Number of protein chains: 4
Amino acid sequence: MSLAPHLRSVVEEIAYEMRQRSDRGTVARYIPELARVDPQGFGLVVIDADGTIAAAGDSETPFSIQSVSKVFTLTLALGMVGDALWKRVGREPSGSPFNSIVQLEREQGVPRNPFINAGAIAVTDVILSGHQPREALGEILRFMQALANDPTIAIDEAVAASEKRTGFRNVALANYMKSFGVVENPVDYTLGVYFHHCAISMSCRQLATAGRFLAHSGRNPATGLSVIPPERARRINAVMLTCGHYDGSGEFAYRVGLPGKSGVGGGILAIAPGRASIAVWSPGLDESGNSHLGRIALESLTKRMGWSIFGA
Amino acid sequence: MSLAPHLRSVVEEIAYEMRQRSDRGTVARYIPELARVDPQGFGLVVIDADGTIAAAGDSETPFSIQSVSKVFTLTLALGMVGDALWKRVGREPSGSPFNSIVQLEREQGVPRNPFINAGAIAVTDVILSGHQPREALGEILRFMQALANDPTIAIDEAVAASEKRTGFRNVALANYMKSFGVVENPVDYTLGVYFHHCAISMSCRQLATAGRFLAHSGRNPATGLSVIPPERARRINAVMLTCGHYDGSGEFAYRVGLPGKSGVGGGILAIAPGRASIAVWSPGLDESGNSHLGRIALESLTKRMGWSIFGA
Amino acid sequence: MSLAPHLRSVVEEIAYEMRQRSDRGTVARYIPELARVDPQGFGLVVIDADGTIAAAGDSETPFSIQSVSKVFTLTLALGMVGDALWKRVGREPSGSPFNSIVQLEREQGVPRNPFINAGAIAVTDVILSGHQPREALGEILRFMQALANDPTIAIDEAVAASEKRTGFRNVALANYMKSFGVVENPVDYTLGVYFHHCAISMSCRQLATAGRFLAHSGRNPATGLSVIPPERARRINAVMLTCGHYDGSGEFAYRVGLPGKSGVGGGILAIAPGRASIAVWSPGLDESGNSHLGRIALESLTKRMGWSIFGA
Amino acid sequence: MSLAPHLRSVVEEIAYEMRQRSDRGTVARYIPELARVDPQGFGLVVIDADGTIAAAGDSETPFSIQSVSKVFTLTLALGMVGDALWKRVGREPSGSPFNSIVQLEREQGVPRNPFINAGAIAVTDVILSGHQPREALGEILRFMQALANDPTIAIDEAVAASEKRTGFRNVALANYMKSFGVVENPVDYTLGVYFHHCAISMSCRQLATAGRFLAHSGRNPATGLSVIPPERARRINAVMLTCGHYDGSGEFAYRVGLPGKSGVGGGILAIAPGRASIAVWSPGLDESGNSHLGRIALESLTKRMGWSIFGA
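Source: prediction; values computed, not measured.

Visitor: How do you make sense of the environment of A:Ala215 when you look at a structure like this?
Guide: All names here are of chain A. For alanine 215, the location among the structural elements is in helix α11 (residues 212-215). Given 28 C-beta atoms within 10 Å, alanine 215 falls into the buried group. For the pair alanine 215 and alanine 272, spaced 57 residues apart in sequence, the C-alpha separation works out to 6.0 Å. If we ignore the near neighbours within four places in the chain, the residues touching alanine 215 are Ile271, Ala272, Pro273, Gly274, Arg275, Ala276 and Ser277.

Visitor: Where do I start with the UniProt feature "binding site: substrate" (unreviewed entry) in chain A in this structure?
Guide: All names here are of chain A. In this numbering, the UniProt entry assigns the feature "binding site: substrate" (unreviewed entry) to Ser67, Asn117, Glu163, Asn170, Tyr194, Tyr246 and Val264. As for its placement among the helices and strands, asparagine 170 is situated in helix α8 (residues 168-179). Looking at asparagine 170, the number of C-beta atoms within 10 Å reads 23, which means it is buried. When residues no more than four places from it in sequence are discounted, the contact partners of asparagine 170 are Asn117, Ile121 and Leu191. Take valine 264: it is sitting in the loop between β7 (260-262) and β8 (267-272). Excluding residues within four positions of it along the chain, valine 264 makes contact with Ala28, Leu34, Gln66, Ser67, Leu285 and Gly289.

Visitor: How should I be thinking about the interface of chain C and chain B in this particular structure?
Guide: Quite often, the size of an interface is put as the accessible area lost when its parts meet. Taken together, the contact between chain C and chain B spans twelve residues of the former and twelve residues of the latter. Where the side of chain C that touches chain B is concerned, the elements lending two or more residues are α4 (102-106) and α8 (168-179) of chain C. No other element matches the eight residues that α8(C) contributes to the side of chain C that touches chain B. Classifying every residue of the side of chain C that touches chain B by side-chain character gives six nonpolar, three polar and three charged.

Visitor: Even after reading the chapter, I still don't get the relation of the copies chain A and chain B, so can you show me in this structure?
Guide: Each of the two chain copies can be generated from the other by rotation about an axis followed by a shift along it. Each copy superposes on the other: chain A lies on chain B with an RMSD of 0.0 Å after a rotation of 180° and an axial shift of 0.0 Å. Considering both components of the superposition, the chain copies are consistent with a two-fold axis. Taking the C-alpha atom as reference, chain A places A:Gly95 closest to the rotation axis, 2.3 Å from it. Interface residue correspondence from chain A to chain B reaches 100%, placing this contact among same-surface, isologous pairings.

Visitor: I tried to follow the sheet that holds strand β6 (residues 200-202) of chain A on my own but got confused; where do I start?
Guide: What holds strands together in a sheet is hydrogen bonding between their backbones, with the strands either parallel or antiparallel. Residue and element names in this part refer to chain A. What the three strands build is an open sheet, ordered β4-β6-β5; its pairing is antiparallel. What marks the edges here is a single partner per strand, and that holds for β4 (63-64) and β5 (154-155). Note that β4 and β6 share two bridges and pair antiparallel. Among the inter-strand pairings, serine 64 is bridged to a residue of β6, identified as serine 201.

Visitor: Where do I start with the sheet that holds strand β8 (residues 267-272) of chain C in this structure?
Guide: Residues and elements named next belong to chain C. Spatially, β3-β2-β9-β8-β7 is the arrangement adopted by the five strands of the open sheet, whose pairing is antiparallel. Each edge of the sheet is formed by a strand with only one pairing partner; in this case those strands are β3 (53-57) and β7 (260-262). If you compare each strand with its neighbour and ignore which way they point, the axes differ by 10° on average. With respect to the sheet, helix α14 (residues 292-305) is in contact with β2 (43-48), β7, β8 and β9 (276-281), its orientation differing from that of β9 by roughly 145°.

Visitor: Explain the arrangement of the chains to me, please; I cannot follow it from the model alone.
Guide: Between chain A and chain C there is no contact, and the shortest C-alpha to C-alpha separation is 10 Å. Separated in space, chain B and chain D share no contact, their closest pair of C-alpha atoms being 10 Å apart.

Visitor: Where do I start with the relation of the copies chain C and chain B in this structure?
Guide: Aligned on chain B, chain C shows an RMSD of 0.0 Å; the corresponding rotation is 179° and the shift along the axis is 0.0 Å. By residue overlap, the copies meet face to face through one surface: 100% of the interface positions of chain C are interface positions in chain B.

Visitor: Which parts of the structure should I look at to understand the pairing of strand β2 (residues 43-48) of chain D?
Guide: Remark: a regular strand shows side chains that alternate across the two faces of the sheet. Residues and elements named next belong to chain D. With six of six residues buried, β2 lies mostly within the body of the structure. Side chains of β2 alternate between two faces, with Gly43, Val45 and Ile47 and Leu44, Val46 and Asp48 buried alike. As paired elements, β2 and strand β3 (residues 53-57) share five bridges and run antiparallel to each other. Opposite glycine 43, over in β3, you have glycine 57 as the bridge partner. Two successive antiparallel strands, β2 and β3, enclose a turn made up of four residues, where glycine 51 displays a positive phi of approximately 95°. Across six bridges, β2 lies against strand β9 (residues 276-281) in antiparallel orientation. Paired with glycine 43 across the bridge in β9 is tryptophan 281.

Visitor: What exactly am I supposed to notice about the interface of chain A and chain B here?
Guide: If you look at the interface, chain A gives 35 residues, while chain B gives 35 residues. Of all the secondary-structure elements, those providing two or more residues to the side of chain A that touches chain B are α12 (230-243) and α13 (249-255) of chain A. Counting residues per element, the side of chain A that touches chain B draws most heavily on α12(A), at ten residues. Within the side of chain A that touches chain B, the residues separate by chemical class into 14 nonpolar, 14 polar and seven charged.

Conventions and cut-offs
- Residues numbered from 1 in each chain as written.
- Chains lettered and ligands numbered in written order.
- Predicted model: local features only at pLDDT ≥ 70, side-chain atom pairs only at ≥ 80, totals over all residues.
- Helix = DSSP H or I, 4+ residues; strand = E, 2+ residues; numbered from the N terminus.
- Buried ≥ 20, exposed ≤ 12 C-beta atoms within 10 Å, placed from the backbone.
- Contact = placed C-beta atoms within 7 Å.
- UniProt positions renumbered as here; feature names shortened; annotations may be inferred.
- Nonpolar A, V, L, I, M, F, W, Y, C, P; charged D, E, K, R; others polar.
- Least-squares fit on C-alpha atoms with pLDDT ≥ 70 in both.
- Pairing = 2+ DSSP bridges.
- Axes fitted to C-alpha atoms, helices over the stretch in contact; angles between N-to-C directions.

Dropping the structure here:
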C-alpha cells in the first residue's frame, strides 16, 4: 500500500501549521539581496523512493540556496580527487559559528569540515584547480541542473555581486587559508566561484529532486543512473548530520534526526536514507543561522512519518 | 528467515581479522590500572532484535567501561529532571579534546555536551542532587545491573581509587564549573560518584545487553518493559552520534555510521536503531582516545550487515 | 632643597580630591569578607629616598593585600631558585583576565607570568617545595615583617578561610597545573599557603615601607641592607610594569607610568625607581579588578611629581 | 662633564662584541626581499640629550624598518584624531603572536594594541581616512623625513610589492576588521598604505634621529620644535614598553628595560627617556620575531650605561 496519500496529507498539515505561526526567526541581513526576501515565505517538498512528490506552500518559489550548495560542491570535489580531499579539509564538527576564524589559526589553516565557510571555500578551491573560474562555475551549475533535471536553474548575479561587495569575512578566511597554502588558486578566483555557487537560485521542488541520489545509495531513482557509489552517499550524509547546521548541528540531530544542510537563504535539504529527499524553505533564521520554521517543519515531519535515523 | 547465522559468521570473521592485525593503538596510560591491561584483548557482542546473541573473542572479559557509563548516567538524569537537564549541559559537539577546559571559560561553565568529561561531571552532579554519594552511586549501579540483567556487575575500586589519585584535570574541570555554579554539590561528592561510575567493570555481553533499550525505542525486548519513551531513546542516540567520540565523533559517523559511545578502557557501545545493540572492546586507543580496533571492527560490521543509519 | 614639603602637600591634595569623588568602583564580592569592607576607605603613603613619609587618609588602616603579596613571593622564590623559576612560569603579559584558564591549556600548564593567579600559585609551589605549609607560610610572613620593619603584620584567618571555601577557580587552576606537573606539591598544601599569603593584612604605611627595596636597587634605605641584587630589583619592576594589573596592565602603564601591583582588596604598590615607594588603598575596583581610585590617585601623583618612568 | 667619550666607547665595544658572536637568529623569510639581506649586518647608533652621536657598525646602511614605522604612524594618528583613536584600537599587550587573528574574533574586530599587525592596520586606516592612498603615504613619509631631518628617506618599492604579493595574512586581518567596520576605507587602500610605510628604508642614524622627540618630552632637541605634547610622548613610550615586541614584550622589558619597537627587518628603536634615542639593526630574528643581536646589544647598553627605566 502506498504511503503517498498519508505523506501528502502530512506535508499539507505541516505547511498549514507553519503558516499559522507568528515566530518566524530573522531574515539574514548581511547580504542586502537576502534581507529583501518576504519573511512569510514557506515551502516544503518531499519526494519518496517511488518518486511521489508531496509539495505544499511556496514549493515553486526560487530562493538563494547559499550553503546548501556545499553538499553538491563536496560531492563534486570528492568525485574529482576522492579521499585526497580530506587533506585539505577535516570532517569533524567545529564547535564554533559558521564563519569563525579561530579554529583556522589553531589548526594551521585546515578547516574542520566542508560545511563551515572556510571548509567550503577550500572545497571550491579543489574544484577550481587548474581551471578558469567560469569553467569551474559552469561545471557546478551543470551538475545541479542535471541532478534537478532542470536546465533553467541559474545563478542570481545580484546576490553574487552583493556577497562579493560585502563578504569581507569570507575574504579574510580565504586569505588566511592562502597564507597556509590551503587555498592554492588566486583568492579572487576561488572566492568568485564560491560566491557564485552560493548564489544559485532553486525552488524546494528543484532542490528535493537534486538531493534524491543521497537518499538512495548514490543513485538517482528517476534516471536509474548512479551519481556516486553507495558508500560515498552514506558518508556525505554522515558529514551532513554532524556538521550540516554549523553550531546548531547537535540540536538538529537531536530534534529532527536526519542528515541535513541549511543555508542562510532559509533553505534546508534533508535526507531520509532509503525513504525520501526533502527540501524546506522559510527565510527567517534562528540564532545559529538555520531556518527557524524549516527546522520545526522537519521535526514535525520526521516525527509523524517515523523517519528519524535514530529509531522508530 | 533469520539473519542469525549470517550475523554470527560476520561477527566471527571480524574477530578473526582483528586478531591478525598488528596495529592495536595505545593503551591508556593516564590511570595506572588501565595501563596494565593486555593490549591483545578483543571482544565483540551483537544482540539483534530477536535476542540473538553473536559473540566472539573475549566477550566475557570484564573491562573498565569508563566513559561508556556516560550514556547510562545521561539516561538516568533525563529520567530524573527531564529537559531541565539541558540548562546544565548543552548538546552540541565540542570541537575539542575530551578534557578541554577552554570551552568552559567561553561558555560560562556550561559544558557543551554530556559526553565530554565536564558535561558528564555536570550530569553526575544532577543525579547526586540531594543524595549521599553512596546512594547516588548505588542507583547508577542498580540501573546498570537491571539493564544488563546481571546483579554481579560491580565497580573496580582500584580503578576508582587510581583515578581519584591522578585525575587532577577532572578536579580542575569540576571546580571550574563549581565556580560558575554549574556544579551544585560539594565537588568531592560529585567527583567521587563520577570516578566510581566510570570504574564500573562490564563485559561486552553485559554492555550489549544493557544497551538494548536504545536500539528498540526505549524498550528492553528481553523484558518487554519500557525504560524510556521512544523519543528520548532517539534523542540519546542522536547525542551519541554527534558527541559520542570526543573530537573523533565526525570520523566515527563517517566511517561507522552508528550512534556510539567510547571509553578510554577500550570499550564502545554502538546502537543500530531497530536492529541491534553492539559492544566491542579492545584496549588500544587511537589519537582521539577511542578504541582503535573497536572502531575498525564496527566499521566492518556495519558495512557487511548494511546497518549504517546513513543508507544502504 | 628637600622635596618633602611639596610631596606632602601633593599627597594631601590628592587624598582630598579622592574623598570628594563619588565614582568609587565596586568592592570585590567574590570573598564575603572582602565584600564587607567600607567602600569609602582611601589611604595613600609615599616614602621617598630620604625616608620622608607623606601620608594621607586611612594610611594606617589594615586591608587585605591579596595579589600585592605576589610581588613579595616572587622576590622570595627568585631568592630561592634564581632564574630556574622561569621554567615554571613565564614573564609575558597574559592578554586575559586574572583567573583565565584558557592560556594554561594552550601552553601546557605553564602560566604566562607570576602575577596572574595561576602564575602566583606556581610561585607559591616553588616556595613550598620540600617544606610544610606552615613553615613556608611562616617564611613569607617573616619576610614581609622584616621588610616592613613591623613584627605585628599578620594573616587575616577569616579571609583565608573564606577564600578557601569559595576559591573554586583557584582550585581549578592549581589542579590543572598539577595535571601537567607544573604544581609539584599536594594541591591542598600549595593552595593553603597561597590563600594565606593573599590574606595578609597591611596598612598603606606598612606596604610602602616593605616595597622600598624595589625603588632603591634592591637595598632597603632604612637599614642599608641589600635585600636583592640591583638587577633583580629592576627585573621585578619590569614584570610589575608589564603584568602587574592583569588585563589592565597596558592601561596602568599608559596612565600612571610606574611599575605597580594591585590586589582585589583595593591596594596597589607602585614603585618610582630611585625616587619613592608608594602604597595606595581604596577598596572599589574597576572592570579589570584594580582599585579604581587607587589608579586615579597614582596617575595624579606621577603627573604632579613628574615621576613617570616614560619621561618628564 | 660630558658622557660622550664613555658612551662612544661603550657603543664601540658592544658593536665589537656583536661582530664576534655566531648566534645571529634567523633572517625573516616571509618576504623574499627581506630574506636576501646579509645576516652579518649590525649597526648601532645612540644620540644623547646633547646631540652627541655614538655610532658603530653598519650605522649608515639602510634597512627595511617594517613595524618600527608603527611608532610613527601611531604618533601621526594621535595627532590627527587624539584619544578618539582608542575607540579603534586598544592598548593592552596581546599575549599572542604579531599576526594572530584569534583575538580579533573575541573582541569584535578591535585589535588589542597599535603595534600588532591588526592594530597598525587600523591606525593606518585612521590616517588614510578621507584621503587618497598616495596622499596619506606622502604624509607619513614627509613626517619621517622631517623627524630624521633627511629628505632622502624613501620607500623600497620592491619590498612593498613583495609584501603585497605575499601578505595574505595581513589581507585576512584587514578584511576581518572590515567585516566589523573597524577598517573604514577600502581594504586595498588601507593595505596599500600599510605595506608601503612598512617598506620605508632607513639607516640606524636616521632612525635614531627620528626617534629623539620620544626621548625628550615630545620635543626635537635639534630643532627645539615640539612634535607632540610631553604627556603624549610618555604614553607612546608606555605603549612601546608593554606592546612593542609582540609576544616578547615582557622579555624585552625584563632584559633591556627600555621602551622599544622592533621590526622584522631587524631594526629596533629604543628610547631612554630624558637620555637618548637608540637605533640598532641586525637582521637575524629570535622566535618572537625580534632582532636577536639587536636585543642583546640593547641589554648590554642599558646595563653599562645604567639607563634602565626600572632602576639603577
